[in-house]
Amino acid sequence: PPRLSFVDGQVSFWRPGAQEWVQAQLNTPLAPGDQLYTGTPGNLELQIGARAFVRGWANTQIGLENQEPDFLQFKVTAGRASFDLRTLEPGHTVEVATPNAAFTIEHPGYYRVNVIGERTSFITRRAGRAIVTPANGESVAISASEEVVVEGTDIPRVSSFVAPKLDEWDKWNYARTDALLDAVSAR
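Not measured: the values here are computed from a predicted model. (Residues numbered from 1 in each chain as written. Predicted model: local features only at pLDDT ≥ 70, side-chain atom pairs only at ≥ 80, totals over all residues. Heavy atoms only, no water.)

Q: What is the right way to look at the pattern of salt bridges in this model?
A: If charged atoms from side chains of opposite charge come close, those side chains can pair. As enumerated under the stated definition, the model contains eleven salt bridges in all. Across the salt bridge formed by D34 and R15, the nearest N and O atoms sit 2.6 Å from each other. You can see D34 sitting in the loop between strand 2 (22–23) and strand 3 (35–49) and its partner R15 sitting in the loop between strand 1 (3–14) and strand 2, a full 19 residues away along the chain. By relative accessible area, D34 is classed as buried at 2%. Take R15: its relative accessible area is 35%, and that puts it in the partly exposed class. Notably, a salt bridge pairs D84 with R86, separated by 3.1 Å at the nearest N-O pair. Like R86, D84 is buried. Each of E45, R55, D84, R86, R126, R176 and D178 takes part in one network of salt bridges that share partners. (Salt bridge = Lys/Arg side-chain N within 4 Å of Asp/Glu carboxyl O. Helix = DSSP H or I, 4+ residues; strand = E, 2+ residues; numbered from the N terminus. Buried < 20%, exposed > 50% of the residue type's maximum accessible area, 1.4 Å probe, protein only.)

Q: Help me understand unusual backbone geometry, please; the structure alone is not making it clear to me.
A: One can expect most non-glycine residues to show negative phi and most peptide bonds to be in trans. With omega at -5°, the peptide bond leading from T40 into P41 counts as cis. Mapped onto the elements of the fold, P41 is located in strand 3. Even without being glycine, N59 reaches a positive phi, approximately 60°. As for its placement among the helices and strands, N59 is situated in the loop between strand 4 (52–56) and strand 5 (61–68). Its relative accessible area of 39% is what places N59 among the partly exposed residues. One non-glycine residue with positive phi stands out, namely A127, at about 65°.

Q: How should the side chain of T98 be read in this particular structure?
A: Relative to the elements of secondary structure, T98 occurs in the loop between strand 7 (93–97) and strand 8 (101–105). Residue classification places T98 among the buried positions, given a relative accessible area of 7%. Within polar-contact distance, the side chain of T98 engages the backbone oxygen of A101 at 2.8 Å. What T98 contacts, discounting residues up to four positions off in sequence, is V76, F103, V113, V115 and T120. (Polar contact = N/O pair within 3.5 Å; in protein donor to acceptor, adjacent residues only side chain to side chain. Contact = heavy atoms within 4.5 Å.)

Q: Looking at this model, I keep getting lost on the pairing of strand 7. Mind explaining?
A: Sheet faces and side chains relate simply in a regular strand, where the side chains alternate between the two faces. Counting buried positions over the five residues of strand 7 gives five, a clear majority of the element. As paired elements, strand 6 (residues 71–85) and strand 7 share five bridges and run parallel to each other. By the bridge assignment, K75 is partnered in strand 7 with A97. Bridging between strand 7 and strand 8 involves four bridges; their strand directions are antiparallel. Following the sheet pairing, A97 is matched in strand 8 by A102. Between the antiparallel neighbours strand 7 and strand 8 lie three residues. (Pairing = 2+ DSSP bridges.)

Q: Where do I start with the packing of aromatic side chains in this structure?
A: Aromatic rings considered in pairs are described by the distance between their centres and by the relative angle of their planes. For the structure shown, the criterion picks out six aromatic pairs. Taking 4.3 Å as the distance between ring centres and 5° as the angle between the ring planes, the aromatic pair formed by F103 and F122 counts as stacked. Of the two residues, F103 is situated in strand 8 and F122 in strand 10 (residues 119–125); the sequence distance between them amounts to 19 residues. Judged by its relative accessible area of 0%, F103 is buried. Members of the aromatic cluster, each reached through a chain of ring pairs, are F103, Y111 and F122. One cation-aromatic arrangement involves R126 over Y174; the distance from NZ or CZ to the ring centre is 4.9 Å. The lysine or arginine in question, R176, covers the ring of F6, its NZ or CZ lying 4.1 Å from the ring centre. (Phe/Tyr/Trp six-rings, centres within 6.5 Å; stacked < 30°, edge-to-face > 60°. Lys NZ or Arg CZ within 6 Å of the ring centre and 35° of its normal.)

Q: I tried to follow the environment of R126 on my own but got confused; where do I start?
A: Within the secondary structure layout, R126 lies in the loop between strand 10 and strand 11 (130–134). The exposure class assigned to R126 is partly exposed, which follows from its relative accessible area of 31%. Distance in space between the C-alpha atoms of R126 and Y111 is 8.7 Å, their sequence separation being 15 residues. A polar contact of 2.4 Å, which involves the side chain of R126, links it to the side chain of D84.

Set out below in structure tokens:
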């Protein structure tokens, strides 16, 4: 199962049935319904495969919604999350649900989700490709190095742009994954 592999700063955890949020503990395996929230400052990392990571930055809420042998569904309700999928087995799918759209990932790549109110942006990098399905149900393909912005919840508007340059958090994600994979290959 996905596990909490890194915590930096304020990170809280909630499991269905719990009375309240508690401090997140390293190596906690996640089950459907579990939620994680980062305060300020805060970073978290979930390892979802040998070469696949989900990370959240400050003020981000990420939940594991569904887990099947070939399907993982996460929900990002607020903040910034990255999905650094260096490998993704053929036939496996990662879905990212947001307040106004769902993003389906079936290819390795680097994906970034920003959720601020009724605005969601989704960026693909490193040959990543995905499909966005807004609340109104019209699916649109997302190409490599593209940013899709979905605005509104009742009748979402979908816009497409060239992906912006890497920012400091993207660079941190790339470096963190590289360091983890280099350590594994060195062993």
